[in-house]
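# Summary of structural features
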There are 4 protein chains.
Amino acid sequence: MNTIGKIFCFTGFGESHGTAVGGVIDGMPARVRIDLGAVQRELDRRRPGQSAVTTARKESDTVEVLSGLMDGVTTGCPIGFIIRNSDQHSGDYDHLRDAFRPSHADYTYTVKYGLRDHRGGGRSSARETATRVVAGAFARQALEQSGITIRAYTSQVGSIEVTEPYTSLDLSLVESNPVRCPDTKTAEEMERLILDVKHSGDTIGGVVTCVVKGVPVGLGDPVFGRLNARLAEAMMSINASKGFEYGMGFKGVELRGSEAIDCFVTDDDGHVHTVTNRSGGIQGGISNGEDIYFRVAFKPVATLIRDVPTIDSSGNPVVIKGKGRHDPCVVPRAVPVVEAMAAMVILDALLLNRAAKI
Amino acid sequence: MNTIGKIFCFTGFGESHGTAVGGVIDGMPARVRIDLGAVQRELDRRRPGQSAVTTARKESDTVEVLSGLMDGVTTGCPIGFIIRNSDQHSGDYDHLRDAFRPSHADYTYTVKYGLRDHRGGGRSSARETATRVVAGAFARQALEQSGITIRAYTSQVGSIEVTEPYTSLDLSLVESNPVRCPDTKTAEEMERLILDVKHSGDTIGGVVTCVVKGVPVGLGDPVFGRLNARLAEAMMSINASKGFEYGMGFKGVELRGSEAIDCFVTDDDGHVHTVTNRSGGIQGGISNGEDIYFRVAFKPVATLIRDVPTIDSSGNPVVIKGKGRHDPCVVPRAVPVVEAMAAMVILDALLLNRAAKI
Amino acid sequence: MNTIGKIFCFTGFGESHGTAVGGVIDGMPARVRIDLGAVQRELDRRRPGQSAVTTARKESDTVEVLSGLMDGVTTGCPIGFIIRNSDQHSGDYDHLRDAFRPSHADYTYTVKYGLRDHRGGGRSSARETATRVVAGAFARQALEQSGITIRAYTSQVGSIEVTEPYTSLDLSLVESNPVRCPDTKTAEEMERLILDVKHSGDTIGGVVTCVVKGVPVGLGDPVFGRLNARLAEAMMSINASKGFEYGMGFKGVELRGSEAIDCFVTDDDGHVHTVTNRSGGIQGGISNGEDIYFRVAFKPVATLIRDVPTIDSSGNPVVIKGKGRHDPCVVPRAVPVVEAMAAMVILDALLLNRAAKI
Amino acid sequence: MNTIGKIFCFTGFGESHGTAVGGVIDGMPARVRIDLGAVQRELDRRRPGQSAVTTARKESDTVEVLSGLMDGVTTGCPIGFIIRNSDQHSGDYDHLRDAFRPSHADYTYTVKYGLRDHRGGGRSSARETATRVVAGAFARQALEQSGITIRAYTSQVGSIEVTEPYTSLDLSLVESNPVRCPDTKTAEEMERLILDVKHSGDTIGGVVTCVVKGVPVGLGDPVFGRLNARLAEAMMSINASKGFEYGMGFKGVELRGSEAIDCFVTDDDGHVHTVTNRSGGIQGGISNGEDIYFRVAFKPVATLIRDVPTIDSSGNPVVIKGKGRHDPCVVPRAVPVVEAMAAMVILDALLLNRAAKI
């Protein structure tokens, strides 16, 4: 279950404190010119130690592409890549070898597999999302050549929320601040909250909003391959995610149908559009050409810089000392991961859609 | 894309106004005694025309099982079944042949496939969910033999919400009222709202909450087979769903990590449990033995009993006359569909988990 | 495991003596005009009771299509269909309830599933291949619109073999005799052999050769989706098949490389071709535009009209009385099944190939 | 299409002359103790330059495992690995940049992908089979803990054939000679033939026979997951393979049914066995507990040490100079690849079979 996708497939591997993480991108269409610098830049956006609001761990996170490219162009053959783990303080985790950290995967992995890699969470660590970012960066470059762009941002931290819809924001400002919120005033409040939480040894959750523009009509397949179902699956596969909604989402349940429908109009150039976009760019599970937008909720992560009482694998009470270097809020670093997963889902749907008609 | 599952797989077929809907259940484990009466009863819970809060369409919805059983026991071979479509007023839909209903799949199907079945929405109609209920009923009977039970209910209609958590409710009351809400006082309010909305020719959305009890530790697979990702995918494949959250969900983003963790304790009988269950029974994508609970948002459906302006396939403005027999609120009938999808996901995960260790 | 294919997927169900066999064709491209008469004619070619060389069982085998078509054209939605089992002498099989027929699936199914449907072999009966023929007939009609044709024939029965290559035969003669061999003189010998074998209560094996013409360059995917691997898998999934070879096949192992290569030439119209075609139309797992041809070996089936000693499920010796109505040689009826499987594999590869380039 | 398997899945990547080949083993059961020395030894059996009958290329082929192990035991998490390409004489291939070598994948890749990696065949090179051997070695160690062993050998080179069945051979002698034939007298003849062929700048084909012992009853799934279909698919995915047969195979078509059946008997210890094993250990697509045996045909490879006339990508005639270092007969080095593919298929079937019953 370390593969996602149907035609464009990504398979990842690697633990937090092993030799390397990496993956294989299969089904990458041939003849896409790849800018490896841009791939690395995506990875840098996810990297720990970027700013005061993220973990202080220093990882260089340099991607090494091993196959599938010739003269800078994809060949249609699988793209294998690795990212060496550079900052492996495995000894930091000896105190966890036998303890189950609350709200982590320690207990479930141990029961499922009969053993677990206790070093930094092993495979359950968000470390593996670095490989998703690489795969997503490849997908993205293919999409950009088809005029499809993906942009995510932090829309909520704790109870501090961007109140305006994405259509009123200047999304080019996302990278202008460490929390990755294009509403710069709200971004400052979010940053202050995260630093406060950090200083108290605690963590805080938040929401990432993602917008996909330029999607042609027709992506997504009835009935189990609905584009929204694929996006939900992909987003809920990201560590710490607790919820997904698209278009009007949970708030839409309070509307009347007459308030919720998106009326069609024909442009002067004959293109069909909808006047509003409460559907979120997807109708009947298939893209309708409008912007696709969705939101992903991330919980406050469970790794605290405090002593936490729990039990060990024999069921005896133990206390885990709060130490290590962790993110007070994962949301800013989740932004590029959300974008990467969206890119993979959209490219896969684009390729699949070519089989819809004879 | 009409198949869901990895080992326990369901493939559905059929349109709203074709000859029949049906499906194939593959990977059903052998030696499960099947109560076909119970399968039919699940189907009856989804059937139109049950009460004043649902569509007045009368469909008998009788399942005919064609294979995979011998002497009332599953043989391990695929279970084929059909449900004849009995109430086919195809003529009712002639006025829609060339019009794109707003916020339906008419436009997206037409562009994707180059044509569409305009009769009652064709494949995009919720009619196909009848087949999911059948498949889910088979999965459910296998799960019950393993001590796993699934129970969903209507927790919100419009802005009328059940404020108590599921743990304070008597879930045996779900079927005691037509809206399928175990909080009978709130149920009455919901019913009144739905009838009001119905009389105004409008529709209203709502939320289904689902609880799975008795799940062993270990179901779900890192990293792309997380149980929550599978549940999200399954729920977002249901017509009209707009959002999914589990455990603390979207509200959890406002908590501090120290408020959000579930502390472990050991029972007197040596079993590991958590004191709270904000995780929703899933940690690191794997079940931890606590109750799994999640919520699914359903929009107000777009079929109104009002005249609606839209365009036809040539882009010209037309008005769709409000007629037909439709649900003012799909949520009560979505309850058995949510349960069915949950049953399929959980059984699939249960079977997959057997491969975790040598 | 009752599904085959990646984009064009077929899922079958049904046992020999259940209510019906049937299936779902998913991923059928939209806008293919379907001649249901031609589908039924394919089914008639597989039907028992066609001639003296096949089983005397009379089965009408009428396909009922339940979804996925509108006005005779595919809609892109799944095509569900059933074939009612008309000649169910289940009582004929009571003597087999507890006996393991040699070289049948009785023993393996019983151990695998803990029980088995003993009536006519249940799911292990070749009865299910009727559903493959239906799915293949749909695939075929899509392929024909792309100029791809598939033709199989009986090339060997016992040790009577067509010695000429397919290129020297008039394949339009395949249906001119009951053994489906286009070499009419050899066909007569084969027919005599089958009748002799039949009268002695015995059975005989044979070989089906299949030729696919008009395949564009590029179908098949490295490395595990090689077109030859897909064809092998599909052919080896047919009951009683024991071997598969393509191009020069097993005989090619005796050649020198210098004798075995296919030299390229350019046609006057600039098309690339090979002078010879020992590769069998596939190079590196990908079609090269030449004819694809392959051979499938079928064993003599194990159902004899003789008393056969064996054991029962308690391990005690029993004798199975030779009775029932069975094929003395399955090869003539396997011809349409081989064609059907080839059609599904080729169409799937055709659709997949659209994703090769951006 | 660079993934094979359903639960135990292998995804490979890498070209002949890229940086590295490698792969990801997903679904490896947890708690298997891995002997990495044994993995490397399998790889050494496939390595070029082992003897005078193989290519003179020197490749160290050292596997580096990057994840999925802790303290020498599998964790249930994916196993990523790479093998650096050490002997990259890419310049050797400049003369092929624009030429289509006959009976290679040059032409088909170029048309399919719109470009190709001409260096040593790129992805179509048998170089990638090194990664299969690694994955197979992991599968093998899991199987050995379940008492299942796999042994392949060279049974034919050109027209020199081992005439005795595998049951009369001492399979422990396979590694005693460079052709990997346990019949040492025949092995000498094979070796002489290969050297003769090599000196004439030509190549020769052959057959690998593979035997799997200790398989429990029940592996394989009706109808499209038949164990023989899975084996056929896996074997036909190996470069240069042209045919597959199991049990009595193609020769069985000449038998009468009464000569071909395998009668059941009960052992003194109550175990069911068959007196003969013409079925090849698989009945109805499911293992019956007897030895599984099958044969794979390999063509003489098309890379000759001779001048070969062909065309270039513009369709003009060119001559390819015979140079480079190639195998005169791939069969001895194919032996470990066949074993590896068999190991993966059998382990996958073993894990899947756990889901057969409730």
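Refer to the preceding data block for the structure.
Summarised in this report is the structure supplied together with it. Note that this is a predicted model, so its numbers are computed, not measured.

In this section: the interface of chain B and chain D. Taken residue by residue, the interface counts 16 residues in chain B and 16 residues in chain D. Around 1500 Å² of area is buried between chain B and chain D when both sides are counted, 61% of it from carbon and sulfur atoms. A per-residue breakdown of the area chain B buries against chain D is headed by Arg354, Ala355 and Ile358 of chain B, which together make up 43% of the total. Taken together, the links from chain B to chain D amount to 8 residue pairs in polar contact (both at pLDDT 80 or more). Class assignment for the residues of the side of chain B that touches chain D results in 10 nonpolar, 2 polar and 4 charged.

Residue and element names in this part refer to chain B. Sheet architecture is open: 5 strands sit in the order E1-E2-E3-E7-E4, paired in antiparallel fashion. At either end of the open sheet lies a strand with only one pairing partner, and these are strand E1 (3-4) and strand E4 (63-65). Against the sheet, helix H3 (residues 129-144) touches strand E2 (9-13), strand E3 (20-26), E4 and strand E7 (79-84), its axis set at about 140 degrees to E7.

Quick look at helix H1 (residues 36-46) of chain D now. All names here are of chain D. All of the buried residues along H1 are Ala38, Val39, Gln40, Glu42, Leu43, Arg45 and Arg46. Where H1 is buried, its residues meet strand E4 (63-65), strand E7 (79-84), helix H3 (129-145), strand E9 (149-157) and helix H7 (331-353). By the N-cap criterion, in which a side-chain oxygen at the helix start approaches the backbone nitrogen of a residue two or three places on, H1 is capped by Asp35, the distance to Gly37 being 2.9 Å.

Moving on to the layout of surface pockets. All names here are of chain A. Volume-wise, the second largest pocket comes out at about 660 Å³. Together, 23 residues line the second largest pocket, and Pro165, Gly247, Met248, Tyr293 and Arg295 are the ones closest to its centre. Within the residue set of the lining of the second largest pocket, elements represented by two or more residues are strand E9 (149-157) and strand E17 (292-298). The greatest single-element share of the lining of the second largest pocket, amounting to 3 residues, is contributed by E17. Classifying every residue of the lining of the second largest pocket gives 8 nonpolar, 8 polar and 7 charged.

Here we come to the relation of the copies chain B and chain D. Mapping chain B onto chain D is achieved by rotating through 180 degrees and translating by 0.0 Å along the same axis, at an RMSD of 0.0 Å. The two molecules are tied by a two-fold rotation axis, judged by turn and shift. Residues of chain B ranked by C-alpha distance from the rotation axis are headed by Arg354 of chain B, positioned 3.2 Å from it. A share of 100% of the interface residues of chain B reappears at the interface of chain D, consistent with the copies meeting face to face through the same patch.

Glancing now at the side chain of Arg101 of chain B. You can see Arg101 of chain B is positioned in the loop between strand E8 (99-100) and helix H2 (106-113). Not counting residues up to four positions away in its chain, the partners in contact with Arg101 of chain B are Phe264 of chain A together with Leu96, Asp106, Gly121 and Ile320 of chain B.

Moving on to unusual backbone geometry. In this structure, the amide linkage connecting Pro222 of chain C to the following residue, Val223 of chain C, adopts the cis form with an omega of -10 degrees. By the secondary structure assignment, Val223 of chain C is in the loop between strand E11 (206-213) and helix H5 (227-236). A positive phi angle, near 50 degrees, is found at Asp71 of chain B, a position not held by glycine. Along the chain, Asp71 of chain B turns up in the loop between strand E5 (69-70) and strand E6 (73-74). Using a relative accessible area of 56% as the deciding quantity, one classes Asp71 of chain B as exposed.

This brings us to the relation of the copies chain C and chain D. Each of the two chain copies can be brought onto the other by rotation about an axis and movement along it. Once chain C is rotated about the relating axis by 180 degrees and shifted along it by 0.0 Å, it coincides with chain D to within an RMSD of 0.0 Å. Looking at chain C, 99% of its interface residues are interface residues in chain D too, so the copies touch through the same face.

With 102 residues of chain C in contact, the opposing surface of chain D contributes 101 residues. The largest share of the area that chain C buries against chain D comes from Met1, Lys112 and Phe224 of chain C, three residues that together contribute 12% of it. Here chain C is connected to chain D by 2 salt bridges. Here chain C and chain D share 43 residue pairs in polar contact (both at pLDDT 80 or more) between them. Of the residues that constitute the side of chain C that touches chain D, the class distribution is 47 nonpolar, 34 polar and 21 charged. As judged from the 3 bridges shared by strand E12 (residues 241-246) of chain C and strand E12 (residues 241-246) of chain D, these two strands associate in the antiparallel manner.

Looking now at the environment of Leu227 of chain D. Examined against the element boundaries, Leu227 of chain D turns out to sit in helix H5 (residues 227-236). The contacts of Leu227 of chain D, once residues within four sequence positions are left out, are Leu219, Gly220, Ile282, Gly285, Ser287, Ile292, Val345, Ile346 and Ala349 of chain D.

So, about the sheet that holds strand E2 (residues 9-13) of chain D. All names here are of chain D. The 5 strands are arranged E1-E2-E3-E7-E4 in an open sheet whose pairing can be described as antiparallel. Edge strands, defined here as strands with exactly one partner in the open sheet, are strand E1 (3-4) and E4. Note that E1 and E2 share 2 bridges and pair antiparallel. Note that in E2 the partner of Thr3 across the bridge is Thr11.

Calculation notes
Residues numbered from 1 in each chain as written. Chains lettered and ligands numbered in written order. Predicted model: local features only at pLDDT ≥ 70, side-chain atom pairs only at ≥ 80, totals over all residues. Heavy atoms only, no water. Contact = heavy atoms within 4.5 Å. Buried area = accessible area lost by both parts, 1.4 Å probe. Polar contact = N/O pair within 3.5 Å; in protein donor to acceptor, adjacent residues only side chain to side chain. Nonpolar A, V, L, I, M, F, W, Y, C, P; charged D, E, K, R; others polar. Pairing = 2+ DSSP bridges. Helix = DSSP H or I, 4+ residues; strand = E, 2+ residues; numbered from the N terminus. Axes fitted to C-alpha atoms, helices over the stretch in contact; angles between N-to-C directions. Buried < 20%, exposed > 50% of the residue type's maximum accessible area, 1.4 Å probe, protein only. 1 Å grid on protein atoms, 1.4 Å probe; cavity = no way out; pocket = protein on both sides within 12 Å on 5 of 7 lines; lining within 4 Å. Points joined across faces, edges and corners; volume = space filled by probe spheres on them. Least-squares fit on C-alpha atoms with pLDDT ≥ 70 in both. Salt bridge = Lys/Arg side-chain N within 4 Å of Asp/Glu carboxyl O.

Any functional reading would require information that these geometric values do not contain.
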